[in-house]
Amino acid sequence: MSRIGKLPVHLPAGVTVTFEGDTLTVKGAKGTLTQKIVGDIDIKVEGNVAHVLKKHEAEELDPKHGLYRALLHNMVVGVTEGYKKTLKVNGVGWKVAKQGSKVVLNVGYSHPVEVAEVAGVKLECPSANEIVVSGIDKTLVGQVAANIRSIRVPEPYHGYGIAYSDEVIERKEGKTGGKGKK
């Protein structure tokens, strides 16, 4: 039995949840999100609370029960508050800049790397070494941020790379051998 699936999802004012057929739609101030529901899962809305229910008791429904409750909660938070990931660029002479709808990264390659905005995701560069990825879809924001991070994954010796702002990079000491030996 899913403990997460049993929790109700509270709907703030201005958020509407509809479930028709196998499509879940959440509308709010920031936009609209849809999710396809697979399996014997039902969603009931009573006032300002939504419940994710299993149509029958079966062990294979427990993981889906918790999954769809978590997805519904993420959709509600997305259309009310939105999601944001901040990336820090660390390297000698490395910088980022916004040009139109693209972000241009100069991160140690022989050429600048351009990252275009994806529909539903906004890219911003508040400073020369910071990128902010924001949007209403948590999955899409996380994937775009991961794609940008993969351009230059942080390395442990000098700390160079593109890292999440809250990421801790474990630093290594480096080579020290060979001094004093003949």
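See the structure shown above.
For the structure given in this document, a descriptive report is provided here. (Residues numbered from 1 in each chain as written. Predicted model: local features only at pLDDT ≥ 70, side-chain atom pairs only at ≥ 80, totals over all residues. Heavy atoms only, no water.)

Its 19 residues place the ends of helix H2 (residues 62-80) 28 Å apart at the C-alpha level, agreeing with the 27 Å of an ideal helix rising 1.5 Å per residue. Taken together, the buried positions of H2 are occupied by Asp 62, His 65, Gly 66, Tyr 68, Arg 69, Leu 72, Met 75, Val 76, Val 77, Gly 78 and Val 79. A positive phi of about 85° marks Gly 82, the residue just after H2. (Helix = DSSP H or I, 4+ residues; strand = E, 2+ residues; numbered from the N terminus. Expected span 1.5 Å × (residues − 1). Buried < 20%, exposed > 50% of the residue type's maximum accessible area, 1.4 Å probe, protein only.)

Let's shift gears to the pattern of salt bridges. A pair can form between side chains of opposite charge whenever their charged atoms are brought close. All told, the structure shown has 9 salt bridges when counted by the stated rule. A salt bridge links Glu 130 to Lys 88, with the nearest nitrogen and oxygen atoms 3.2 Å apart. Separated by 42 residues along the polypeptide, Glu 130 in strand S12 (residues 130-135) and Lys 88 in strand S7 (residues 83-90) bring together distant segments of the chain. Beyond isolated ion pairs, a larger network of salt bridges with shared partners links Lys 54, Glu 57 and Asp 62. (Salt bridge = Lys/Arg side-chain N within 4 Å of Asp/Glu carboxyl O.)

The tally for this structure, following the rule as stated, stands at 1 aromatic pair. With centroids separated by 6.0 Å and ring planes inclined at 50°, the aromatic side chains of Trp 94 and Tyr 160 adopt a geometry described as tilted. You can see Trp 94 sitting in the loop between S7 and strand S8 (95-99) and its partner Tyr 160 sitting in the loop between helix H3 (138-149) and strand S13 (161-164), a full 66 residues away along the chain. In this structure Trp 94 comes out as buried when scored by relative accessible area, which is 16%. A cation over a ring is seen here: Lys 85 above Tyr 164, with NZ or CZ 5.1 Å from the ring centre. Stacked on the ring of Tyr 109, the Lys or Arg Arg 152 has its end atom at 4.2 Å from the ring centre. (Phe/Tyr/Trp six-rings, centres within 6.5 Å; stacked < 30°, edge-to-face > 60°. Lys NZ or Arg CZ within 6 Å of the ring centre and 35° of its normal.)

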